[in-house]
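Letter by letter, the chains look like this.
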Amino acid sequence: MARASISGDRQRLPDEANPQKKTPMVCFRRLQDGVPARVVLYMLSFTGFLVSFMMRTDINIAMVAMVRQPRPELSNESAVLGGSSSTSSPSEPRYCYAGARDANGSLTAPPEDEEGEFEWDARTQSAILGSFYWCYVLSQVMGGLLTQRFGTKVVFGLSQFVTAACSLLIPVAAEAHYALLIALRSVQGVASGLTWPAMYAAVGPWIPASERSRFMSSFQGFSFGIGLTYPLCGFIIAHFGWRVVFYVTGSLGMLWCVFWWLLAFDSPGQHPRITPKELRYIQSNVSNSIVDGKGVRVPWKKIFTSLPAWSIGITTFGRIWIHYVFIIPGPMYMKTVLGFSIQANGVLSGVPFLLSYLSSVVFCSVADRLVTRNVLSLTNTRKLMTAISQVLPGLLVLVIGYLGCHIELVLVTWFLAVTLITAAYAGAMASVVDIAPNFAGPILAFAQTIHMTASFISPLVAGFITQESQSLEQWRKVFGVSAVVALVTYLFFQIFGTADIQDWNYPESNLPSESESPNEPLKRKTSNMNRDESDTFTDA
């Protein structure tokens, strides 16, 4: 050992004469080694979903500037401020405004609508917006199959590239014919539907069970994407026009693809820059439950007959239902009942989703600590977080309907409900990886095929209930239906949900040894020899 040290020192003597040549390389290597590969994957996942949802939701606000819409007439019935109309109870208003409110809740005169370029009726606009979600649901299973065949890097990267390319083409398609715009949105839906199964498939081989809840908070990049899109696109439209919205989001998507292709890898063993220490930590904590998934036949029959898999899909259907009440018809409630102007509406609709990321980090960190400190079992932790994300928002959305015109209380309750929903990523959504980490992509594809149907059914039901009147009474029915759906569907996960690895997770020739259960590394190795590496991920 002494000879090797002396020899090494002698070999470095020529370089010491020119320290300026050596030092930058050493510093860069230290900096590189100081950032765990799992943290890099976390940031790629977070920014990936952020950009993905910017490209998905940008058209929602751009449509306001694209379409020529007549200014609605304000009738006497709708010009009620804390009073009653001729057709409502004297003790309760049907509407909460006369005119429009700014971000502070002060009443203002309704601004004149700017003239759009396209004369698309409501049915055409619905087709343009809805085409994304129809195709998005249909591509979930395909995403799971493609990920099993080609890996996360190829599937997630190409899906983002296609979505970005379509965004850049939307202005040209809109000018040509709305049918081309519908076609582009459909392609975007198909491509975006591949992202979730692809990213879930990367969690199994990369992230130990004790860190999965924290890593799942990276998926809340979509909340940041939604929260940034509305105010950012509003600014762009006001100063540069609606076309620039799609050029900006599409360009961001293309730029992200470059970083993804350079920095993302399907497994730790394929990563050329991962440190030996981190590689050993990952392999020692996931090796008993993860095998090389490429080319492995997916046990679809087992998935289709798995009660835990069905419980994830059905329960999350209720969460998506209530979530999309806030995302799509929610802004209409703020406009027609609470009376907020478009500018204030955009800010108030976006802020809760910006806060959602912070709340998701808190919930996921709490969930991991409950497990690693043996306060609750992994299954009970998942059920607790699912209850927080679904039962509480379900009750809060019901309360919103009965708060009437108490604007401040409505907004506080609204914000709280949206932030609580993010606990799902430490709950039922994390169980996707728990029950079968080798087939997380296909399981998510199966579950999302079920629960993402709520993304267009929920707004349709809200529209059906409020088609005759946008009164507070009708919106109370919308919120009531949402609460019932959220509470009833939660029961499926409470009864059938689990975090235990299913037998069909393992190919026949790769079963874990009888002496050590698949979950044992979570209880033993993480709490002892690898705690320092786990803490590094937490601190980062």
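For the structure, see preceding data.
Anyway, here's the lowdown on the structure attached to this text. (Residues numbered from 1 in each chain as written. Predicted model: local features only at pLDDT ≥ 70, side-chain atom pairs only at ≥ 80, totals over all residues. Heavy atoms only, no water.)

### With respect to the overall build of the protein
Thinking step 1. When helices and strands are counted, the protein shows 24 helices and four strands.
Thinking step 2. With 540 residues in all, the protein has 56% of them scored as buried.
Thinking step 3. Taking the contacts inside the protein whose residues are at least 6 apart along the sequence as the reference set, 83% of them involve residues at least 24 apart.
Thinking step 4. A total accessible area of about 23900 Å² is found for the protein, and carbon and sulfur atoms account for 63% of it. (Helix = DSSP H or I, 4+ residues; strand = E, 2+ residues; numbered from the N terminus. Buried < 20%, exposed > 50% of the residue type's maximum accessible area, 1.4 Å probe, protein only. Contact = heavy atoms within 4.5 Å. Areas by Shrake-Rupley, 256 points an atom, 1.4 Å probe, with all protein chains shown as cover.)

### So, the packing of helix 17 (residues 378-402) against helix 22 (residues 472-496)
Thinking step 1. The contact between helix 17 and helix 22 brings their axes to 8 Å, and the two run at 165 degrees. As judged from the angle between their axes, helix 17 and helix 22 are roughly antiparallel. Crossing of helix 17 over helix 22 shows left-handed handedness.
Thinking step 2. Grouping the amino acids of the contact of helix 17 with helix 22 by side-chain chemistry returns 14 nonpolar, eight polar and three charged. (Axes fitted to C-alpha atoms, helices over the stretch in contact; angles between N-to-C directions. Parallel < 35°, antiparallel > 145°, perpendicular 65-115°, else oblique. Left-handed = near helix turned anticlockwise from the far one by under 90°. Nonpolar A, V, L, I, M, F, W, Y, C, P; charged D, E, K, R; others polar.)

### Observations concerning the nonpolar core
Thinking step 1. Ranked by size, the top nonpolar core spans 134 residues in total, and within it Met-66, Trp-196, Tyr-200, Phe-219 and Tyr-333 carry the most contacts.
Thinking step 2. Looking at which element gives the most residues to this core, the answer is helix 3 (residues 37-66), with 16 residues.
Thinking step 3. With sequence-adjacent residues up to four places away left out, Met-66 is seen in contact with Gly-116, Glu-117, Phe-118, Trp-120, Ala-174, Leu-181, Trp-242 and Phe-246. (Core = buried A, V, L, I, M, F, W, Y, C linked by side-chain atoms within 4.5 Å.)

### Examining the environment of Trp-206
Thinking step 1. Summarising the element assignment, Trp-206 is placed in helix 8 (residues 195-206).
Thinking step 2. Every residue in contact with Trp-206, bar those within four places of it in the chain, is listed here: Ala-37, Arg-38, Leu-41, Phe-265, Asp-266, Ser-267, Pro-268, His-271, Ile-274 and Ile-282.
Thinking step 3. At 3.0 Å, the side chain of Trp-206 forms a polar contact with the backbone oxygen of Phe-265. (Polar contact = N/O pair within 3.5 Å; in protein donor to acceptor, adjacent residues only side chain to side chain.)

### Some points on the pattern of salt bridges
Thinking step 1. One pass over the structure, following the stated rule, counts five salt bridges.
Thinking step 2. Where Glu-278 meets Arg-38, a salt bridge forms, and the shortest distance between an N and an O atom there is 2.8 Å. Taken together, the residues span a long stretch of sequence, with Glu-278 in helix 12 (residues 276-286) and Arg-38 in helix 3 at a distance of 240 residues. Like Arg-38, Glu-278 is buried.
Thinking step 3. Between Arg-382 and Asp-434 there is a salt bridge whose closest N-O contact spans 2.6 Å. Placement of the pair is Arg-382 in helix 17 and Asp-434 in helix 19 (residues 428-435), with a sequence separation of 52 residues.
Thinking step 4. Using a relative accessible area of 1% as the deciding quantity, one classes Asp-434 as buried.
Thinking step 5. The structure contains a network of salt bridges with shared partners spanning Arg-38, Glu-211 and Glu-278. (Salt bridge = Lys/Arg side-chain N within 4 Å of Asp/Glu carboxyl O.)

### Some remarks on the packing of aromatic side chains
One pair of aromatic rings is described through two measures. These are the centre distance and the angle between the planes.
Thinking step 1. Scanning the entire structure with this criterion turns up 28 aromatic pairs.
Thinking step 2. Ring centres of Phe-132 and Tyr-133 lie 5.2 Å apart, and the angle between their planes is 70 degrees; this geometry places the pair in the edge-to-face category.
Thinking step 3. You can call Tyr-133 buried: its relative accessible area is 8%.
Thinking step 4. Their ring planes at 20 degrees and their centres at 5.2 Å tell us that Trp-256 and Trp-260 sit as a pair that is stacked. In this pair, Trp-256 and Trp-260 both sit in helix 11 (residues 242-263), four residues apart, roughly one turn of the helix.
Thinking step 5. Classification of Trp-256 by relative accessible area gives buried; the value is 6%.
Thinking step 6. Through pairs of rings, three or more aromatic residues link up here, namely Tyr-42, Phe-49, Phe-53, Phe-156, Trp-196, Tyr-200, Phe-215, Phe-219, Phe-222, Trp-256, Trp-260 and Tyr-425.
Thinking step 7. The ring of Trp-261 is capped by Lys-153, whose NZ or CZ atom sits 5.0 Å from the centre of that ring.
Thinking step 8. Taking NZ or CZ as reference, Lys-153 lies 4.6 Å from the ring centre of Phe-265, over its face. (Phe/Tyr/Trp six-rings, centres within 6.5 Å; stacked < 30°, edge-to-face > 60°. Lys NZ or Arg CZ within 6 Å of the ring centre and 35° of its normal.)

### Digging into the packing of helix 5 (residues 140-150) against helix 20 (residues 440-451)
Thinking step 1. Viewed as axis vectors pointing N to C, helix 5 and helix 20 meet at an angle of 175 degrees, and their least axial separation amounts to 7 Å. With respect to their mutual orientation, helix 5 and helix 20 come out roughly antiparallel. Across the interface between the two elements, Gln-140, Val-141, Gly-144 and Gln-148 from helix 5 touch Gly-441, Pro-442, Ala-445, Gln-448 and Thr-449 from helix 20.
Thinking step 2. Class assignment of the residues belonging to the contact of helix 5 with helix 20 gives a composition of three nonpolar, six polar and no charged.

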